[in-house]
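The lines below spell out each chain.
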Amino acid sequence: MGGPPTLSAPSALLAVNILDASSLLSAFGALGIAVVLFAETGLLVGFFLPGDSLLFTAGLLCVPGRHSGPHLDLAQVLAASVVGALAGAQCGFLLGRRGGRTLLARSRNRRLHEGAQRAEELLGRYGYARAVVLARFVPVVRTVLNPLAGALDVPTRTFTLWQVLGGVVWTVALVVAGYGLGSSVPNIDHYLLPLVALVVVVSLLPLAVELLRSRRARVAEGDAR
């Protein structure tokens, strides 16, 4: 009698759920983080990938002995996260320069087009700097805004400066938040699903604050007239 059957390498890859952060991290580790963030922030086809939950879960898995999943190295996770997010955004911007509108027009995905509309509204309402930073925290919008910025001829230097700032803040904040909670709360992985949902809600707060501020400014302007 032998031990339990093991999956071959191709079978193991097929068993990975690309929509599940824990599954991706178990299969690919820090390298998977870089690849997923590059695809989510640089390629329109990556809009469905779990960027927020992946970063938060990766931070949890960096805490030694406090979870049941694979252990990841915090320095490697931070490096992979930053590199993947920054390289992906810059790639998306360059693709947009060469035909982002055409690529988007060919897609029939309603969610992708809604994200493009919100991204364009962000650029028009808040200007390049705030829009590029805010987009990092909004799922789908962070996928679409980068090629859209390229298609709308946002200056390369301006885009690069603010996407680097936004990318570093977004990745490091979520990884450190996961690591901090994992270090201070026993068995935190048992509450992973509600925590991921909370992360998504919190990631939308910067956009909500900006929308509220903009609405108040319009009301004040209307009263002044």
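Residues numbered from 1 in each chain as written. Predicted model: local features only at pLDDT ≥ 70, side-chain atom pairs only at ≥ 80, totals over all residues. Heavy atoms only, no water.

Draft legend 1. Representation of the overall build of the protein in the model. Each helix and strand in the protein was counted, giving 10 helices and zero strands. When its helices and strands are written in sequence order, the protein yields α-α-α-α-α-α-α-α-α-α. When each of the 225 residues of the protein is scored for burial, the buried share is 42%. Put simply, 76% of the contacts in the protein that link residues at least 6 apart link residues at least 24 apart. (Helix = DSSP H or I, 4+ residues; strand = E, 2+ residues; numbered from the N terminus. Buried < 20%, exposed > 50% of the residue type's maximum accessible area, 1.4 Å probe, protein only. Contact = heavy atoms within 4.5 Å.)

Draft legend 2. Expanded view of the environment of G88. Mapped onto the fold, G88 is located in helix α4 (residues 74-97). For G88, a relative accessible area of 0% corresponds to the buried category. C-alpha of G88 to C-alpha of G167: the two residues are 79 residues apart in sequence and 9.9 Å apart in space. Residues in contact with G88, not counting those within four places in the same chain, are F38, T41, G42 and V83.

Draft legend 3. Representation of the packing of helix α3 (residues 51-60) against helix α8 (residues 156-184) in the model. Contact geometry for α3 and α8: axes closest at 6 Å, N-to-C directions at 45 degrees. Classified by the interaxial angle, the pair formed by α3 and α8 is oblique. As for how α3 packs across α8, the hand of that crossing is right-handed. Facing G51, D52, L55, F56, G59 and L60 of α3, the residues of α8 in contact are W170, T171, L174, V175, A177, G178, Y179, L181 and G182. Looking at side-chain class alone, the contact of α3 with α8 contains nine nonpolar, five polar and one charged residues. (Axes fitted to C-alpha atoms, helices over the stretch in contact; angles between N-to-C directions. Parallel < 35°, antiparallel > 145°, perpendicular 65-115°, else oblique. Left-handed = near helix turned anticlockwise from the far one by under 90°. Nonpolar A, V, L, I, M, F, W, Y, C, P; charged D, E, K, R; others polar.)

Draft legend 4. Layout of the pattern of salt bridges. Summed over the entire model, instances satisfying the criterion amount to three salt bridges. Close ionic contact of R142 with E40 constitutes a salt bridge, the shortest N to O distance being 3.0 Å. Here the residue R142 occupies a position in helix α7 (residues 141-151), and E40 occupies one in helix α2 (residues 21-42), the gap between them amounting to 102 residues. Judged on exposure class, the residue R142 and its partner E40 are both buried. A salt bridge links R97 to D153, with the nearest nitrogen and oxygen atoms 3.6 Å apart. Residue R97 is found in helix α4, and its partner D153 is found in the loop between α7 and α8; the two are separated by 56 residues along the sequence. (Salt bridge = Lys/Arg side-chain N within 4 Å of Asp/Glu carboxyl O.)

Draft legend 5. View of α3. Most of α3 sits out of view: 10 of its 10 residues are buried. Taken residue by residue, α3 has G51, D52, S53, L54, L55, F56, T57, A58, G59 and L60 as its buried positions.

Draft legend 6. Region of interest: α8. Compared with an ideal rise of 1.5 Å per residue, which puts 29 residues at 42 Å, α8 spans 42 Å between its outermost C-alpha atoms and is within 8% of the ideal. Within α8, burial applies to F159, Q163, G166, G167, W170, T171, L174, V175, G178 and G182. (Expected span 1.5 Å × (residues − 1).)

Draft legend 7. Looking closely at the packing of α4 against α8. α8 packs onto α4 with a crossing angle of 150 degrees between their chain directions and a minimal axis gap of 9 Å. On the basis of their axis angle, the class for α4 and α8 is roughly antiparallel. By crossing handedness, the relation of α4 to α8 is classed as right-handed. Within the contact between the two elements, α4 uses L74, V77, L78, S81, V82, A85, L86, A89, Q90, F93 and R97 and α8 uses T156, F159, T160, Q163, V164, G167, V168, W170, T171, V172, V175 and Y179. Its residues placed into classes, the contact of α4 with α8 shows 15 nonpolar, seven polar and one charged.

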